[in-house]
Amino acid sequence: HAIVAGGQSMNPSTGQILEAVDRCPAEHVVVLPNNKNIVPVAEQVDALTAKHVAVVPTTSILEALAALVAYDPQAAPEVNVTAMTDAHARVRTGEVTQAVRDGVGDAGRIEAGDWIAVCRDGIRVIDKTAVDAAIGLIDHLVADESELVTVITGSDAHAGDTVRLEEHVALMHPQVEVEVHEGNQPLYPYLIGVE
């Protein structure tokens, strides 16, 4: 196992991912990029090493968690890659962060300081509080067939707000189970995945 540090404006290079792959004591390595900008960078690594490197094109931490749950240490590498790819594709994800400047998004006008909920199909919610943006995001992501909402709380999430979010889901989406995990990530008080 190896982790390559990344984050806002800290995208790892192919060389950094290659170093991490080479540190892994295995012939077959699966890379989870967790960022859409890193997927093509990670895909270059296989040609640079004697190891067999597969990329499961995760674009978020919650997609990676779903992929990891599907990993079977007894399965053949290609079976794992297929299972992990299928698992990550089933998760609908989004994140809540604060706008740093004025602008316009898919959901309307954004003012600096607004809380925005972003998912694969763009900015879906603009609100004055992080928890209200998270609630709007969950309402957007949950579908009739959804079974699980996973929430990873950041360092700026307030416990009372998180309880309010859980209560909203129980009331408005009683068919889904909610799991809340403390992630302590900066800048994103709520990371949300729906399966």
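Everything here concerns the structure above.
All residue numbers refer to position in the chain's written sequence, counted from 1. Thresholds applied to this predicted model are a pLDDT of at least 70 for local features of residues and 80 or more for the giving and counting of side-chain atom pairs; totals over whole chains, interfaces and linings are not thresholded and use all residues. For the side-chain quantities, the full set of heavy atoms in the structure was used; hydrogens and water were omitted.

### So, the overall build of the protein
Within the protein one finds six helices and 10 strands. Here the globule rule reads 2.2 Å times residues to the power 0.38, and the radius of gyration is calculated from C-alpha atoms. Radius of gyration (C-alpha) of the protein: 18 Å, near the 16 Å computed for a compact globule of 195 residues. Its C-alpha atoms give the protein principal-axis dimensions of about 50 × 35 × 25 Å. Residues classed as buried in the protein amount to 41% of the 195 residues present. Any two residues having at least one pair of non-hydrogen atoms within 4.5 Å are treated as being in contact. Taking contacts inside the protein between residues at least 6 apart in sequence as the whole, the part at least 24 apart equals 62%. Charge assignment: positive for Lys and Arg, negative for Asp and Glu; neither His nor the chain ends contribute. In plain terms, the charge of a residue is placed at NZ if it is Lys, CZ if Arg, CG if Asp and CD if Glu. Across the protein, the mean location of the 11 positive side-chain charges is 7 Å away from that of the 29 negative side-chain charges. Numbering of helices and strands runs from the N terminus; a helix is a DSSP stretch of H or I covering at least four residues, while a strand is a stretch of E covering at least two. Per-residue accessibility, obtained with a 1.4 Å probe over protein chains only, is compared with the maximum for each type, and a residue is labelled buried under 20%, exposed over 50%, and partly exposed between these values.

### Some points on a nonpolar patch on the surface
The patches described consist of residues with a relative accessible area above 30% and no salt bridge, like charges being joined within 9 Å and nonpolar side chains (Val, Leu, Ile, Met, Phe, Trp, Tyr) within 5 Å. Throughout, the Shrake-Rupley method with a 1.4 Å probe supplies accessible areas, and for residues the shown protein chains are the sole cover considered. Throughout this description, the term salt bridge denotes a Lys or Arg side-chain nitrogen within 4 Å of a carboxyl oxygen of Asp or Glu. A contiguous nonpolar surface patch, about 260 Å² in accessible area, is contributed by Ile61, Leu65 and Leu68. Within the secondary structure, Leu68 is located in helix H3 (residues 61-70). According to the relative accessible area criterion, Leu68 is partly exposed, its value standing at 49%.

### What about the environment of Ile116?
The topology assignment puts Ile116 in strand E6 (residues 115-119). The class for Ile116 is buried, based on a relative accessible area of 10%. Along the sequence, Ile116 and Ala133 sit 17 residues apart, while their C-alpha atoms lie 6.1 Å from each other. Setting aside its immediate chain neighbours within four residues, Ile116 contacts Glu95, Val96, Thr97, Ile110, Ile123, Val125 and Ile126.

### Side note on helix H4 (residues 77-90)
Helices are assigned an expected span. That span is 1.5 Å times one less than the residue count. Helix length check: H4 (14 residues) gives 20 Å between terminal C-alpha atoms against 20 Å at 1.5 Å per residue, within 8%. Of the residues making up H4, those classed as buried are Asn80, Met84, Ala87 and His88. Angularly, the buried residues of H4 cover 95° about the axis, an arc narrow enough to put them on a single face. In H4, the exposed positions angled more than 90 degrees off the buried face are occupied by Glu78 and Arg90. Its buried side turned inward, H4 meets strand E1 (28-31) and H3. When we speak of the arc, we mean the arc of directions from the helix axis to the C-beta atoms.

### Overview of the packing of helix H5 (residues 130-141) against helix H6 (residues 159-172)
Direction vectors running N to C along H5 and H6 enclose 25°, while the axes themselves pass 10 Å from each other. Comparing their axes, H6 and H5 come out roughly parallel. Both H5 and H6 take part in a crossing whose hand is right-handed. Where H5 approaches H6, its residues Val131, Asp132, Ala134, Ile135, Ile138 and Asp139 are matched on the opposing element by Asp161, Arg164, Leu165, His168 and Val169. Residues are sorted three ways: Asp, Glu, Lys and Arg are charged, Ala, Val, Leu, Ile, Met, Phe, Trp, Tyr, Cys and Pro are nonpolar, and all the rest, Gly among them, are polar. Residues of the contact of H5 with H6, tallied by class, amount to six nonpolar, one polar and four charged. Angles shown run from 0 to 180 degrees and are taken between the N-to-C directions of axes, each axis being a line fitted to C-alpha atoms and, for helices, limited to the stretch in contact. Working rule for angles: under 35 degrees goes down as roughly parallel, over 145 as roughly antiparallel, 65 to 115 as roughly perpendicular, anything else as oblique. Two helices cross in a left-handed way if the nearer one is turned anticlockwise from the farther one by less than a right angle. They cross in a right-handed way if the turn is clockwise.

Any functional reading would require information that these geometric values do not contain.
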